[in-house]
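As a plain string of letters, each chain reads:
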Number of protein chains: 2
Amino acid sequence: MDNENSCDNPCPIARSLAVAGDAWSILILRDAHAGLTRFDQFRKSLGIAPTMLTRRLAALTEEGLLEKRRYSEHPPREEYLLTAAGRDFLPVLFMIGAWGRQYRGGGKLTRFFDAETGTEIKAIAVDEVTGAKIGTRPMRMVTPDES
Amino acid sequence: MDNENSCDNPCPIARSLAVAGDAWSILILRDAHAGLTRFDQFRKSLGIAPTMLTRRLAALTEEGLLEKRRYSEHPPREEYLLTAAGRDFLPVLFMIGAWGRQYRGGGKLTRFFDAETGTEIKAIAVDEVTGAKIGTRPMRMVTPDES
DNA sequence: GTGACTTACTTTCAGAATGGTAGTATTGTT
DNA sequence: AACAATACTACCATTCTGAAAGTAAGTCAC
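All of these numbers come straight from a predicted model, not from anything done at the bench. (Residues numbered from 1 in each chain as written. Chains lettered and ligands numbered in written order. Predicted model: local features only at pLDDT ≥ 70, side-chain atom pairs only at ≥ 80, totals over all residues.)

> For the overall build of chain A, give the residues involved together with the corresponding values.
The secondary structure content of chain A amounts to 6 helices and 5 strands. Reading the helices (α) and strands (β) of chain A from amino to carboxyl end gives α-α-α-α-β-β-α-α-β-β-β. Considered along the principal axes of its C-alpha atoms, chain A spans approximately 55 × 45 × 25 Å. (Helix = DSSP H or I, 4+ residues; strand = E, 2+ residues; numbered from the N terminus.)

Listed below in structure tokens is the structure:
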């Protein structure tokens, strides 16, 4: 996919996808939220080839979703931490998960809990103002013209 | 990406990504929610190569997110309509958009409105039970073992 | 201090996926 | 008859991906 539908696109969905629009990146972000920080942790968790992992971690760092930090000088070792932007990706992960649970359920499914309170989290999307659940109503997209 | 982290994976996020984990599919779903139904509408809106569009529409139809319907016999013409599963993808789109708006904002951005009431929609994710906003707290993933 | 081990990668390369252009099939319109 | 619209397919060059192996810097066991 080229850049036409991404960086300078007025659609915020397209912009997001330009940053983290591939499956590996989203899975890395998921694992980062689950507490993983190191190259080999991600590699083992995902079963991803090291070439891909290097590229994806570099891209996510470049985009400002992860931060590379040296946690040991001798030997030199790096870890990847979520930035504020990366942490705010969590609602997206929850909604993706909620959809998958609903439509691709069956069998044993991984569940998500608040790491502090221990309560299970089931996310739904609501309108910020009215609090109405966002559901099946069609939307209208309005793009401001360039003039 | 192979199937290991997708179809039989207990993680609902991985399952979702196996179905609609690429940028084109998500953009097609976005346009479908905005009311587009026909091959050429998608092609022009997205600037996608026809080969890609054919493949993506077929995949989304196969997965049950879109439904192919003949709307004219002479000449034979098809359109693609959202299924219930496809319509329920809308919250995911909104959260992706909300993130993009927050972190890739600047310039003129496309905004989303309820097609019926005309009010602007700004989506946030909350916990279904407590109603608490899902934010920056770390989560804990619990995968049931196979035994 | 030699060999095994750990971590975080890079190199190489075959094969799959993608994107661009052009062409096809069926029908309606003038 | 010529042209346009719609919904594709064929072909092909380029790019991306995945798998295996190798590398570099250092630690640890004895």
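> How would you sum up the protein's contact with DNA strand D? Please name residues and give values.
Near DNA strand D there are 19 residues, and of these A49 and P75 of chain A together with M1, R38 and P50 of chain B occur at the shortest range. At the level of secondary structure, the elements contributing two or more residues to the surface near DNA strand D comprise helix 4 (50-62) of chain A together with helix 3 (39-46), helix 4 (50-62) and strand 2 (77-82) of chain B. Of the residues belonging to the surface near DNA strand D, the class tally is 8 nonpolar, 4 polar and 7 charged. (Near = placed C-beta within 6 Å. Nonpolar A, V, L, I, M, F, W, Y, C, P; charged D, E, K, R; others polar.)

> I'd like a description of the interface of chain B and chain A, backed by residues and values.
Contact residues are listed per partner, giving 71 residues for chain B and 71 residues for chain A. Only helix 1 (12-20), helix 2 (23-33), helix 5 (84-87), helix 6 (90-103), strand 3 (111-114), strand 4 (123-127) and strand 5 (139-142) of chain B provide two or more residues apiece to the side of chain B that touches chain A. The dominant element in the side of chain B that touches chain A, judged by the number of residues it contributes, is helix 6 of chain B, at 13 residues. (Contact = placed C-beta atoms within 7 Å.)

> I'd like a rundown of the protein's contact with DNA strand C, residues and numbers included.
Among the 18 residues in the neighbourhood of DNA strand C, the closest are listed as M1, R38 and P50 of chain A together with A49 and P75 of chain B. Among the secondary structure elements, those contributing two or more residues to the surface near DNA strand C are helix 3 (39-46), helix 4 and strand 2 (77-82) of chain A together with helix 4 of chain B. A per-class count over the surface near DNA strand C returns 7 nonpolar, 4 polar and 7 charged.

> Mind laying out the packing of helix 2 of chain B against helix 4 of chain B, listing which residues take part and the relevant values?
All names here are of chain B. Orientation of helix 2 relative to helix 4, taken along the N-to-C sense of each, is 75°, at an axis distance of 10 Å. Put simply, helix 2 runs roughly perpendicular to helix 4. For the pair helix 2 and helix 4, the contacting residues are W24, S25 and I28 in the first and M52, R56, A59 and L60 in the second. Among the residues forming the contact of helix 2 with helix 4, the class breakdown is 5 nonpolar, 1 polar and 1 charged. (Axes fitted to C-alpha atoms, helices over the stretch in contact; angles between N-to-C directions. Parallel < 35°, antiparallel > 145°, perpendicular 65-115°, else oblique.)

> Quick rundown of the relation of the copies chain B and chain A? Include the residues and the values.
Once turned by 180° and shifted 0.0 Å along the axis, chain B lies on chain A with an RMSD of 0.0 Å. These values place the two chain copies in the arrangement generated by a two-fold rotation axis. Taking C-alpha positions as the reference, the residue of chain B nearest the rotation axis is A125 of chain B, at 2.2 Å. (Least-squares fit on C-alpha atoms with pLDDT ≥ 70 in both.)

> Tell me what's going on with the environment of I13 of chain A, and back it up with residues and numbers.
Residue and element names in this part refer to chain A. Mapped onto the fold, I13 is located in helix 1 (residues 12-20). Exposure remark for I13: the 29 C-beta atoms within 10 Å place this residue in the buried category. Taking the C-alpha atoms as reference points, I13 and F94, 81 residues apart in sequence, are found 16 Å from one another. (Buried ≥ 20, exposed ≤ 12 C-beta atoms within 10 Å, placed from the backbone.)

> Go over the nonpolar core, please, and point to the residues and values.
F94 and M95 of chain A together with F94 and M95 of chain B are the most contacted members of the largest nonpolar core, which has 77 residues in total. Those residues in contact with M95 of chain B that lie beyond four places of it in its chain are P91, V92, M95 and A125 of chain A together with A123 and A125 of chain B. (Core = buried A, V, L, I, M, F, W, Y, C linked by C-beta atoms within 7 Å.)

> Now, about the pairing of strand 1 (residues 66-72) of chain B: what can you tell me, with residues and values included?
Residue and element names in this part refer to chain B. Sheet topology places strand 1 next to strand 2; 6 bridges connect them, and they run antiparallel. Residue pairing for strand 2: K68 is matched across the bridge by Y80. Connecting the antiparallel pair strand 1 and strand 2 is a turn made up of 4 residues. (Pairing = 2+ DSSP bridges.)

> Account for helix 2 of chain B, with residues named and values stated.
All names here are of chain B. In terms of residue burial, helix 2 counts as a mostly covered element, since 10 of its 11 residues are buried. For helix 2, every residue scored as buried is listed here: A23, W24, S25, I26, L27, I28, L29, R30, A32 and H33. Phi for G35, located one or two positions after helix 2, is positive at around 110°.

> Residue-level account of the UniProt feature "domain: HTH hxlR-type" (unreviewed entry) in chain A, with values.
Taken from the UniProt record, the annotation "domain: HTH hxlR-type" (unreviewed entry) applies to residues 11-108 of chain A. Along residues 11-108 of chain A the backbone is 60% helical and 13% strand, and the end-to-end C-alpha distance reaches 36 Å. (UniProt positions renumbered as here; feature names shortened; annotations may be inferred.)

> Describe the packing of helix 1 of chain A against helix 2 of chain B, listing the residues and the values that go with them.
At a minimum axis distance of 10 Å, the contact between helix 1 of chain A and helix 2 of chain B shows a crossing angle of 170°. The angle between helix 1 of chain A and helix 2 of chain B falls in the class roughly antiparallel. From helix 1 of chain A, I13, A14 and L17 of chain A reach across to helix 2 of chain B, where they touch A23, I26, L27 and R30 of chain B. In terms of residue class, the contact of helix 1 of chain A with helix 2 of chain B is built from 6 nonpolar, no polar and 1 charged.

> Mind laying out the confidence of the model for chain A, listing which residues take part and the relevant values?
Residues and elements named next belong to chain A. Model confidence for chain A is summarised by a mean pLDDT of 88, while 93% of its residues fall at 70 or above. Mean pLDDT values for the elements of chain A range from 84 in strand 5 (residues 139-142) up to 96 in helix 2 (residues 23-33). Predicted complex, confidence summary: ipTM 0.90, pTM 0.91. (pLDDT = per-residue confidence, 0-100.)

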